[in-house]
Amino acid sequence: MQHIRHLECVQCRKTHAYGSVDYTCPACGPDKGILDVIYDYERIFRTYTPAALTSDTSFNVWRYRPLLPVDPSWTAPQLHIGWTPLYDFPALARDLGIRQLRVKDDGRQPTASFKDRASSLGVWRAAQQGAKVITCASTGNAASSLAGWSAHFGLKAFIFVPHTAPEAKLAQLLIYGANVLLVEGSYDQAYDLCQQAVGAFGWFNRNCAVNPFLVEGKKTGGLELGEQLGNSEPADWVAVPLGDGCTTAGIWKGLKEMKAMGVLSRTPRILAVQAEGSSPLHKAWVQGTETFVPEDAKTIADSICVGTPRNAVKALRAIRESGGAVVTVPDGLIDEWMPRLARNTGVFAEPTAVAALAGIHVAKQRGIVGKDESVVHYVTGHGLKDSRGALRAAPSAHKVAPRLDAVRDVVERVG
């Protein structure tokens, strides 16, 4: 791994040689000793140029292999991952009152969420290291993603999820053959239990908060978006849902690397969105700190229902470095924007993904996003991930007798 300089602790800034530590900084511990992968960009960009990227016809995340912690000789997995579409939706932009709204739809990944980017890299690394068992704690998407990729690589998975996880996500876990542990508690309790199990059984840890290489998988979302924006009009903002903070940090790192490579002329600002009932990082943002007070989180947006964010420092630094902002949205506004997104675009997103869109609405109303600005809404999960949530937000179906006159009555009512 000559393209990696070292790993750096975000807390104490101590550096560690690649391969010398498993997950977190030994001096700062697993709660604060989050590591970042530091690359030798001068070495990488000697040969990895915009021209080299343009000539690459492998339209998946592995086109970014020189910027990932993988051995170039490894064979890429067969499941297609990445290069999801970036749509331009003028009608939705008008609805929001901004100049341009583009939607990056990661609901089209193999297990229908952005988390496939991290899981594909994490399970690949686990397999290459000879691991037989892999684990994570999740509110749902990381869990189903890990289950799918573990099945693809033939690894056994033990996955910890809160008992409130949506049924659709549980169905994915079980159909992929994962060992599912429904924890009778919150996501934070499921996470703590998972960490204890890693220590007790020696399983490979897929949790992004402690495994720095998983954030590198999420980084491909920023790399890919940066490449897509580099071929079109740059964006002023990228709106992302904010929970643990790993997704926000990863996307920003990828965007920065595309700027350093010369693909992007400028980087967008990050608009990170939390639900009002789960907003410890918003409070830290307002106070100008990197510390937060844990909350008893509650929101319909299950993937960002996180009271104790595990990657707070990386996320807050990313948002501030980008010149961005953090806003919160009420659950009612998420429900309102779910059908508005679908009806304006044909893109069906789960509540967590729609939280980012509702956040654009809030940011526009507050003057954070201007009417002449361009925004990318990053859809992180498909709507069928939470079908119950979609039914809650959608209007009721029309029940009719099996007669044409009953149909005619409905037609006349709806106009």
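Structure: see above.
Residues numbered from 1 in each chain as written. Predicted model: local features only at pLDDT ≥ 70, side-chain atom pairs only at ≥ 80, totals over all residues. Heavy atoms only, no water.

Caption draft 1: The nonpolar core, seen in detail. Core analysis: the biggest nonpolar cluster contains 68 residues, and Y48, I134, I159, L255, M258 and I270 have the highest contact counts within it. Ignoring any residue separated from it by four or fewer positions in sequence, one finds I270 in contact with W237, V238, V240, T248, W252, L255, I319, S322, G324 and A325. Grouped together as the second largest cluster of nonpolar side chains are 38 residues, L92, V273, V379 and A393 included. (Core = buried A, V, L, I, M, F, W, Y, C linked by side-chain atoms within 4.5 Å. Buried < 20%, exposed > 50% of the residue type's maximum accessible area, 1.4 Å probe, protein only. Contact = heavy atoms within 4.5 Å.)

Caption draft 2: Representation of unusual backbone geometry within the structure. Positive phi, close to 70°, is recorded for R13, a residue that is not glycine. Assignment of secondary structure puts R13 in the loop between β1 (4–9) and β2 (15–16). R13 gets classed as partly exposed once you look at its relative accessible area, which sits at 48%. Positive phi, close to 75°, is recorded for A112, a residue that is not glycine. (Helix = DSSP H or I, 4+ residues; strand = E, 2+ residues; numbered from the N terminus.)

Caption draft 3: Here's a closer look at the pairing of strand β13 (residues 374–379). For β13, the tally of buried residues reaches six of six residues, placing the bulk of the element in the interior. Judged by which residues are buried, β13 turns out to be covered on both faces: S374, V376 and Y378 on one side and V375, H377 and V379 on the other are all buried. Relative to β13, strand β5 (residues 100–105) runs parallel, the two sharing six bridges. Note on β13: the bridge partner recorded for K104 is Y378. (Pairing = 2+ DSSP bridges.)

Caption draft 4: Region of the structure containing the layout of surface pockets. Space inside the largest pocket adds up to approximately 520 Å³. Along its surface, the largest pocket is lined by 25 residues, and T164, A165, P166, T299 and D302 are the ones closest to its centre. Elements with a contribution of two residues or more to the lining of the largest pocket: α7 (167–175), α8 (187–201) and α15 (387–393). By residue number, the principal contributor to the lining of the largest pocket is α15, which donates three residues. (1 Å grid on protein atoms, 1.4 Å probe; cavity = no way out; pocket = protein on both sides within 12 Å on 5 of 7 lines; lining within 4 Å. Points joined across faces, edges and corners; volume = space filled by probe spheres on them.)

Caption draft 5: Just the side chain of R125, in detail. On the secondary structure map, R125 appears in helix α5 (residues 116–128). Here R125 sits buried without a salt bridge, and the closest side chain of opposite charge, D22, lies 8.6 Å off (N-O distance). When residues no more than four places from it in sequence are discounted, the contact partners of R125 are M1, Y18, P69, W74, F204 and F213. (Lys, Arg positive; Asp, Glu negative; His and termini not counted. Salt bridge = Lys/Arg side-chain N within 4 Å of Asp/Glu carboxyl O.)

Caption draft 6: Here's a closer look at helix α13 (residues 331–345). Its 15 residues give α13 an end-to-end C-alpha distance of 21 Å, which sits within 8% of 21 Å, the value for a rise of 1.5 Å per residue. Buried within α13 we find L333, I334, D335, W337, M338, P339, L341 and T345. Packed against the buried residues of α13 are α4 (90–96), β12 (325–329), α14 (351–365), β13 and α15. Count one or two residues on from α13 and you reach G346, which has phi positive near 85°. (Expected span 1.5 Å × (residues − 1).)

Caption draft 7: Focus on the environment of E257. Within the secondary structure, E257 is located in helix α10 (residues 246–261). Its relative accessible area of 2% is what places E257 among the buried residues. Sequence-wise, E257 and E8 are 249 residues apart; in three dimensions their C-alpha atoms are separated by 17 Å. Not counting residues within four places of it along the chain, the set of residues in contact with E257 comprises Y39, Y41, F45, L67, K219 and L223.

Caption draft 8: Layout of the sheet that holds β5. In spatial order, the strands read β4-β5-β13-β10-β11-β12; together these six strands make up an open sheet with mixed pairing. The open sheet is flanked by β4 (86–88) and β12, the only strands paired with a single partner. Within this sheet the neighbouring strands show an average axis-to-axis angle of 25°, counted without direction. The pairing of β4 with β5 spans three bridges and is antiparallel. Looking at β5, one finds that Y87 is bridged to V103. Helix α12 (residues 312–322) contacts β11 (269–275) and β12 of the sheet and is inclined by roughly 135° relative to β11. (Axes fitted to C-alpha atoms, helices over the stretch in contact; angles between N-to-C directions.)

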